[in-house]
Amino acid sequence: MNAYKGRGGESNDRTTSRSRRVDRRRFLRATGGIAAGASLAGCLGTYGSIVGNDEAEPVRIGVLAPDPDSDSTGRSIVQGARIAVDELNENDGLLGRDVEMVVGDTNASPTEGRRQYQRLILEEDVDVTVGISTTEVLEPLMDDIAEQETVHLTAGSATTTASENVGSDYDKYKYHFRVGPINGTNLAQAQIDFLTEKSESMGWDSIAVLAEDYDWTDGLWAFYQSQFPDTDIDVATWERYPPATEDFSDIYDDVEASGADAAFISTAHTGTAALQDWRPAEREFAFGGIHVPMQLPSYYEETNGACEYAVGYASAVSTAEITSKTQDFVSTYQSKHGGTSPVYTGYIAYDAVKVFADAATRGETVASTDLVGPLEETSFTGTTGTIEFHGQDGPHPHDVIYGEGNVHPVYFQWQETDDGEGEQTVIWPDEHAADGDEYEQPDWL
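About the thresholds
- Residues numbered from 1 in each chain as written.
- Predicted model: local features only at pLDDT ≥ 70, side-chain atom pairs only at ≥ 80, totals over all residues.
- Heavy atoms only, no water.
- Phe/Tyr/Trp six-rings, centres within 6.5 Å; stacked < 30°, edge-to-face > 60°.
- Helix = DSSP H or I, 4+ residues; strand = E, 2+ residues; numbered from the N terminus.
- Buried < 20%, exposed > 50% of the residue type's maximum accessible area, 1.4 Å probe, protein only.
- Salt bridge = Lys/Arg side-chain N within 4 Å of Asp/Glu carboxyl O.
- Contact = heavy atoms within 4.5 Å.

Applying the stated criterion across every chain yields a total of 20 aromatic pairs. Ring geometry for Phe 194 against Trp 428: centres 5.7 Å apart, planes inclined by 65°, an arrangement best described as edge-to-face. Here the residue Phe 194 occupies a position in helix H8 (residues 184–202), and Trp 428 occupies one in strand S16 (residues 422–428), the gap between them amounting to 234 residues. Overall, Trp 428 belongs to the buried group, its relative accessible area being 2%.

Structure (structure tokens):
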């Protein structure tokens, strides 16, 4: 029977020797790595592991997430993964074994991310890790993943560095796979695809390209500058603004002066400030792009409706039936969490656990050295699309493939419903938009 226990705890009945992990422990003890992992054992509090039965050693899944008690992306990673684990256990587990889940709180810190990763591998003996929503945590962790030779399935970070590492040194970095979101290059391509298909009907004849100057936008910015000139999209002005910008007045003055019809923004850390200086001031342009805070299903309420008419991008939203599995997952998530819906990381973490289980079932193993091949052969219908990975010689080794028939994100617009609440109304691609749902021009333009 399944039960919950503290994050750092160990099952008393787990006596089977794991020689591969013992070897890793000896190595890391010699290099000092064990100290960092041991110091974190048992200190994570609320989120527990799901304990298997006493008859067979459970499969253990390590989940890495930032601040799951307070951060929406981290919380969704944990809750999405837990739903997948629960479903596996409700259906005879994995390879005849129960499945456990252990959480590591990365605190969105590279240092803490490495400590928690080592704890999950060395102290918790996990068979696989999933999660990590930020580039700042994933990039430094790539060498740890390679060193431990344990499969990691990313659910959140879009950095192209990960797939570049796999491509440049396959044997070393082959244990990393990105289930979602699509990587930075594909992310930028998706924005251009959206604008190419929808800008004319939305009245966005010219745009101002804005991006916050953080590492995660480096690839986006370079791609935009190289690709926009080859399209029919008119860029009236470019602005890569400083980190932690809180006042967008001067930036928006420049956008208005350029005559742009819309500000097309890439923002995560500064998204709410950017929005608050647009809608309440009724600036003379539309607003949209990659806006991470806007993906939060409760964002309309949290911003007092300031996001109305704003256009955003997401791997999945609760209002769209991307695959036959999307709405089932949304319903389960809402039933378990008081009616709240997941953010994008919840869908991806759920898919990541299921992709791991699918590959393990096909390969009849959870051993990472034997699991790389089955993962490379994956073709799995998840909540965000059909998940397949680029191969060793592909353009983005071990990244999820972007495109129609695979993983294809959606664009939505925050629109007010008849009862005065906000809704993430999907406007692209057309096949995921409900009948009659179209882009609405801000009522002051």
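Next, the rest of the story.
What follows is about the pattern of salt bridges. In this structure the tally under the stated criterion is 16 salt bridges. Where Arg 240 meets Asp 213, a salt bridge forms, and the shortest distance between an N and an O atom there is 3.5 Å. In this pair, Arg 240 sits in strand S9 (residues 234–241) while Asp 213 sits in the loop between strand S8 (206–212) and helix H9 (218–227), placing the two residues 27 residues apart along the sequence. Note on Arg 240: relative accessible area 24%, which makes it partly exposed. What makes Asp 213 partly exposed here is its relative accessible area of 35%. For Asp 358, the salt bridge is made with Arg 362, and the minimal N-O distance between the two is 3.0 Å. Taken as a pair, Asp 358 and Arg 362 lie in helix H14 (residues 344–363) at a separation of four residues, close to a single helical turn. Taken together, the shared-partner salt bridges in this structure form one network comprising Arg 60, Glu 100, Arg 119 and Glu 124.

On to the side chain of Lys 198. Position of Lys 198 relative to the elements: it lies in helix H8. The contact partners of Lys 198, leaving out residues within four places of it in the chain, are Ile 427, Trp 428, Asp 430 and Glu 438.

Any functional reading would require information that these geometric values do not contain.
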